[in-house]
2 protein chains.
Amino acid sequence: MEKIHVIKIGGNVIDHPEKLRSFLADFSHLKGMKILVHGGGKIATEMSKTLGIVPQMVDGRRITDDETLKVVTMIYAGLINKNIVAQLQTLHCNAIGLCGADGNLIPAQKRIKGDIDYGWVGDPIEIKEPHPLLTALLKENTVPVFPAITHDQQGHLLNTNADTIAATLAIRLASSFETHLVYCFEKKGVLKDVNDENSVIHFIDPHHFQQLKQEHIIFEGMIPKLENAFDAIHKGVKTVRIGLADDLLQLNQGENFGTCLKPLA
Amino acid sequence: MEKIHVIKIGGNVIDHPEKLRSFLADFSHLKGMKILVHGGGKIATEMSKTLGIVPQMVDGRRITDDETLKVVTMIYAGLINKNIVAQLQTLHCNAIGLCGADGNLIPAQKRIKGDIDYGWVGDPIEIKEPHPLLTALLKENTVPVFPAITHDQQGHLLNTNADTIAATLAIRLASSFETHLVYCFEKKGVLKDVNDENSVIHFIDPHHFQQLKQEHIIFEGMIPKLENAFDAIHKGVKTVRIGLADDLLQLNQGENFGTCLKPLA
């Protein structure tokens, strides 16, 4: 099977033009088929403030109301996505910006859990096969770039977690490609000692993961992140890596990039 | 040659959610291959005002400065484009939203004329063949939807006239498809008597166009519009039609839609 990388970058890269430029240069040099998924960063929050939109909270959860949906659509799918595409094009990377509504690439469901209506927030529907249009685009040597926007197939766009979009795409691709999912975040990887940047744990399998949780080496926010990552592996994704955006090109050298999650040997 | 329609809608449709919904329903029923190009309408102007952006004018011409470019990118390529795509998807029309930077579909040049720097305004570069990616997307039965944004291939997005984008796409497609360019505007067509909506001139060829100009039946803003339309015909576009968005489905019946510009018989 042909190899593909699905790379996700978050606000820590998006929010700094210099970091973003440097990341995109590296990304353009990453060999083989690839997809980029990007979060939104602070620009949307700042725009909401400027427009006087008061964040709606229910039970401590932020709700995506009509006005917030407009802002994230404008900023994620418009401003950030198209600027990333234009920059990648200058780097000879044939980027094409697509949200989940485009070609119905990522159908999703509006999230309603118990009594909480999260507003225009979406959870992608799980589908096993890759979307034929996405496969066609990859075969045309384009590099799809996704913002964190999907749709409900009933005419509404939905604000959707970028990590989830990356995992959803990777899981669908896994039946046709050797799929590697890469989360760029603010640390070099999962750390044995949270205060020591050089204590990266290079490999974790599901068994090892249970141990690390019991020993409280992995805790809090990292647990759901890694659980989702192992879910993707369980569904056929070959590896999930978590590491520093700056280290991306280590993937070309076959060197260790951050922490690599793998199925049981 | 297979037939394709390139349809352009302007602010008069975009600005009215009901009109837009009704137009998109009609558009989804238009038979055969098709592309939609949309302008921006008043939403961008209103957003600029809300954000306190003062329009920059040079010699009576509006300049697209950095802040204005951000607004049109957000509104045209983000908010309007993705909402049109989501609506078309519910109408079983497999829309895919693409700006000129995506896949380098519409490379353009920053406009500098004489002493006037128009800011981030672009004029598309003339290319004879259709973009292979666009052809591939059409063959995948997708319906490309373009906002009025291109790029300079140097990392900058460019604010670009939607009429020009529609003509540029049509001219490129004309070498491979029987291409029909359709401008939806606020009247039923080119009128013999500007006060009589029923005085539509159904056909105009270049010879007839000269006569109508001499007789001052066509004047002012219509002259450059029609000159650009005849330029497209000169470059291989089979017909250019100008008419009311409401009448779009007349194209399926082979009936007259507004004014049809044709080459000399």
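From a predicted model like this one, the values you see are computed outputs, not experimental measurements. (Residues numbered from 1 in each chain as written. Chains lettered and ligands numbered in written order. Predicted model: local features only at pLDDT ≥ 70, side-chain atom pairs only at ≥ 80, totals over all residues.)

Chemist: Mind laying out the overall build of chain A, listing which residues take part and the relevant values?
Modeler: Each helix and strand in chain A was counted, giving 8 helices and 14 strands. Whereas a compact globule of 265 residues would reach a radius of gyration of roughly 18 Å, chain A reaches 18 Å, a difference of no more than 12%. For chain A, the spread of C-alpha atoms along the three principal axes comes to 45 × 45 × 35 Å. A separation threshold of at least 6 residues defines the contact pool for chain A, and within that pool the share at least 24 residues apart is 72%. (Helix = DSSP H or I, 4+ residues; strand = E, 2+ residues; numbered from the N terminus. Rg over C-alpha atoms; globule rule 2.2 N^0.38 Å. Contact = placed C-beta atoms within 7 Å.)

Chemist: Give a detailed account of the sheet that holds strand β12 (residues 203-204) of chain A, specifying residues and quantitative values.
Modeler: Residues and elements named next belong to chain A. Strand order in the open sheet formed by 8 strands is β5-β8-β2-β1-β11-β13-β14-β12, with mixed pairing between adjacent strands. The outermost strands of the open sheet, each flanked by one partner alone, are β5 (95-97) and β12. The sheet contact formed by strand β11 (residues 178-185) and strand β13 (residues 239-244) spans 6 bridges and is parallel. Residue pairing in the sheet places L181 in a bridge with V240 of β13. This element, helix α4 (residues 66-90), spans β2 (33-38), β5 and β8 (143-146) of the sheet and lies at about 170° to β5. In the packing of helix α6 (residues 162-173) onto the sheet, contacts are made with β1 (3-9), β2, β8 and β11, and the angle to β1 comes to roughly 170°. (Pairing = 2+ DSSP bridges. Axes fitted to C-alpha atoms, helices over the stretch in contact; angles between N-to-C directions.)

Chemist: Please give an account of the nonpolar core that cites residues and values.
Modeler: A:V6, A:I75, A:A170, B:V6, B:I75 and B:A170 are the most contacted members of the largest nonpolar core, which has 168 residues in total. Sequence-distant contacts of A:V6, that is, excluding residues within four places in its chain, are made with A:I35, A:V37, A:A166, A:L169, A:A170, A:L173, A:T179, A:L181 and A:V182. (Core = buried A, V, L, I, M, F, W, Y, C linked by C-beta atoms within 7 Å. Buried ≥ 20, exposed ≤ 12 C-beta atoms within 10 Å, placed from the backbone.)

Chemist: Account for the pairing of strand β7 (residues 116-124) of chain A, with residues named and values stated.
Modeler: Residues and elements named next belong to chain A. Pairing geometry for strand β6 (residues 108-113) and β7, over 5 bridges, is antiparallel. Note on β7: the bridge partner recorded for Q109 is D123. What sits between the antiparallel neighbours β6 and β7 is a turn of 2 residues, in which G114 has the positive phi angle 60°.

Chemist: I'd like a description of the relation of the copies chain B and chain A, backed by residues and values.
Modeler: The operation relating chain B to chain A is a screw motion whose rotation component is 180°, with 0.0 Å of axial translation and a residual RMSD of 0.0 Å. Here the transformation between the copies is reduced to the relation of a two-fold axis. The rotation axis passes nearest to the C-alpha of B:G78 in chain B, at a distance of 1.8 Å. Interface overlap between copies is the fraction of interface residues in one copy that are interface residues in the other; for chain B against chain A it reaches 100%, indicating a shared surface. (Least-squares fit on C-alpha atoms with pLDDT ≥ 70 in both.)

Chemist: Account for the interface of chain B and chain A, naming residues and giving values.
Modeler: Chain B puts 35 residues into the contact, and the matching count from chain A is 35 residues. Contributions of two or more residues to the side of chain B that touches chain A are made by α4 (66-90), β5 (95-97), α5 (132-139) and β9 (149-151) of chain B. Here the side of chain B that touches chain A gets 14 residues from one element, more than from any other, and that element is α4(B). Class assignment of the residues belonging to the side of chain B that touches chain A gives a composition of 14 nonpolar, 17 polar and 4 charged. (Nonpolar A, V, L, I, M, F, W, Y, C, P; charged D, E, K, R; others polar.)

Chemist: Quick rundown of the pairing of β13(A)? Include the residues and the values.
Modeler: For β13(A) and strand β14 (residues 259-261) of chain A, the ladder comprises 3 bridges, and the chain directions are antiparallel. When the sheet's bridge partners are listed, A:R241 is paired in β14(A) with A:C260.

Chemist: A description of the sheet that holds strand β14 (residues 259-261) of chain B should follow, citing residues and the corresponding values.
Modeler: Residue and element names in this part refer to chain B. Taken together, the 8 strands give an open sheet; going across it, the order is β5-β8-β2-β1-β11-β13-β14-β12, and neighbouring strands pair in mixed fashion. Bordering the open sheet on either side are β5 and β12 (203-204), each of which pairs with just one other strand. Relative to strand β1 (residues 3-9), helix α6 (residues 162-173) is tilted by about 170°, and along the sheet it contacts β1, β2 (33-38), β8 (143-146) and β11 (178-185). Sheet strands touched by helix α8 (residues 222-234): β11, β13 (239-244) and β14. Its angle to β14, the strand with the most contacts, is close to 45°.

Chemist: How would you summarise helix α8 (residues 222-234) of chain A if you had to cite specific residues and measurements?
Modeler: Residue and element names in this part refer to chain A. When the terminal C-alpha atoms of α8 are compared, their 18 Å separation across 13 residues agrees well with the 18 Å that a helix rising 1.5 Å per residue should span. All of the buried residues in α8 are M222, L226, A229, A232 and I233. The arc that holds every buried residue of α8, seen down its axis, measures 110°, which confines them to one face. Exposed residues lying more than 90 degrees from the buried face of α8 are P224, E227 and H234. (Expected span 1.5 Å × (residues − 1). Arc of directions from axis to C-beta.)

Chemist: Give a detailed account of the packing of helix α2 (residues 17-29) of chain A against α4(A), specifying residues and quantitative values.
Modeler: All names here are of chain A. Running from N to C, α2 and α4 cross one another at 55°; their axes reach a closest spacing of 10 Å. If you check the angle between α2 and α4, you find them oblique. For the pair α2 and α4, the crossing hand works out as right-handed. Across the interface between the two elements, R21, L24 and S28 from α2 touch I84, Q87 and L88 from α4. Residue composition of the contact of α2 with α4, grouped by class: 3 nonpolar, 2 polar and 1 charged. (Parallel < 35°, antiparallel > 145°, perpendicular 65-115°, else oblique. Left-handed = near helix turned anticlockwise from the far one by under 90°.)

Chemist: Requested: an account of α4(B), with residues and values cited.
Modeler: Residue and element names in this part refer to chain B. Compared with the 36 Å implied by 1.5 Å per residue over 25 residues, the 35 Å span of α4 between its first and last C-alpha is a close match. Remark: the principal bend of α4, roughly 30°, maps to N81. Of all 25 residues in α4, 22 are buried; the element is thus mostly enclosed. H92 occupies a position one or two residues after α4 and carries a positive phi of about 60°. (Bend = angle between axes of the 7 residues up to and from the residue.)

Chemist: Outline the confidence of the model for chain A, supporting the account with residue identities and numerical values.
Modeler: Looking at chain A, the pLDDT average stands at 94 and 100% of residues meet or exceed 70. Interface scoring of the predicted complex returns ipTM 0.95; its pTM is 0.96. (pLDDT = per-residue confidence, 0-100.)

Chemist: Just give me the short version of the environment of A:N94, but keep the residues and values in it.
Modeler: Mapped onto the elements of the fold, A:N94 is located in the loop between α4 and β5. On the neighbour-count criterion, A:N94 (18 C-beta atoms within 10 Å) is partly exposed. Separated by 107 residues in the primary sequence, A:N94 and A:I201 have C-alpha atoms spaced 34 Å apart. The contacts of A:N94, once residues within four sequence positions are left out, are A:N141, A:T142, A:V143, B:G103 and B:N104.

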